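Here is how the chains run, residue by residue.
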Amino acid sequence: MGQAGPKRKLSTDLSRFLAVGAIATATHWLVMAVMVSQGRNPTVSTAVGAAIGLHINYIGQHRFAFRSTVRHGTAFPRYLASAVLGWIVNLTVFMAAAELVGQVAVAQLMATSAATIINFIVARGMVFNAGPI
């Protein structure tokens, strides 16, 4: 991307970000499903699927969503840190929402929405932006 802000439309970045995330999530679930169907441990299967999905998401966000010029040696550690932040946001919002609404699906929808918004802001502003953090 090199430049965030006026040169790139927010709606373009967001729609590309969501599309790449959907592909990465589908890949995670597909890998997990295939491994489980082959009799593999479900925990190992989801871990492998998540790792593959994470890499697909990183590459897609870097090249397609944000068209970043940030070197991978800089962008990938930033991306991993943002993934940890997203995980913490997801867990925190899920725990609070589950307590408040009492429905797992609703709580997870709220948590996923919050984590997606935070991840987009961080990815666009810091992870794939050529400027300093």
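As the structure is a prediction and not an experimental result, all values here were calculated from the model. (Residues numbered from 1 in each chain as written. Predicted model: local features only at pLDDT ≥ 70, side-chain atom pairs only at ≥ 80, totals over all residues. Heavy atoms only, no water.)

**Thoughts on the overall build of the protein**
In step 1: When helices and strands are counted, the protein shows four helices and zero strands.
In step 2: Each helix and strand of the protein, ordered N terminal to C terminal, gives the series α-α-α-α.
In step 3: Oriented by its inertia axes, the alpha-carbon framework of the protein measures out at about 45 × 40 × 25 Å.
In step 4: Looking at the protein as a whole, 31% of its 133 residues qualify as buried.
In step 5: Working note: accessible area of the protein is about 8,000 Å², and carbon and sulfur atoms make up 71% of it. (Helix = DSSP H or I, 4+ residues; strand = E, 2+ residues; numbered from the N terminus. Buried < 20%, exposed > 50% of the residue type's maximum accessible area, 1.4 Å probe, protein only. Areas by Shrake-Rupley, 256 points an atom, 1.4 Å probe, with all protein chains shown as cover.)

**Section: the layout of surface pockets**
In step 1: A volume near 1,000 Å³ is recorded for the largest pocket.
In step 2: Within the lining of the largest pocket, the residues separate by chemical class into 16 nonpolar, 14 polar and no charged. (1 Å grid on protein atoms, 1.4 Å probe; cavity = no way out; pocket = protein on both sides within 12 Å on 5 of 7 lines; lining within 4 Å. Points joined across faces, edges and corners; volume = space filled by probe spheres on them. Nonpolar A, V, L, I, M, F, W, Y, C, P; charged D, E, K, R; others polar.)

**Describing the nonpolar core**
In step 1: Ranked by internal contacts, the top residues of the largest apolar core, which has 13 residues, are F66 and F128.
In step 2: When contributions to this core are tallied by element, the ones reaching two or more residues are α1 (10-37), α2 (42-65), α3 (72-101) and α4 (104-127).
In step 3: The element contributing the most residues to this core is α4, with four residues. (Core = buried A, V, L, I, M, F, W, Y, C linked by side-chain atoms within 4.5 Å.)

**A few points about the packing of α2 against α3**
In step 1: Following both chains from N to C, one finds α2 and α3 inclined at 125 degrees, their axes separated by 11 Å at the closest point. Comparing the axis directions of α2 and α3 gives the class oblique. The crossing of α2 and α3 is right-handed. Where α2 approaches α3, its residues L54, H55, N57, Y58 and H62 are matched on the opposing element by H72, A75, F76, Y79, L80 and A83. (Axes fitted to C-alpha atoms, helices over the stretch in contact; angles between N-to-C directions. Parallel < 35°, antiparallel > 145°, perpendicular 65-115°, else oblique. Left-handed = near helix turned anticlockwise from the far one by under 90°. Contact = heavy atoms within 4.5 Å.)

**Here's the deal with the pattern of salt bridges**
In step 1: For the structure on display, the rule yields one salt bridge.
In step 2: The salt bridge partner of R124 is D13, with a shortest N-O separation of 2.6 Å. Here the residue R124 occupies a position in helix α4, and D13 occupies one in helix α1, the gap between them amounting to 111 residues.
In step 3: The class for D13 is buried, based on a relative accessible area of 0%. (Salt bridge = Lys/Arg side-chain N within 4 Å of Asp/Glu carboxyl O.)

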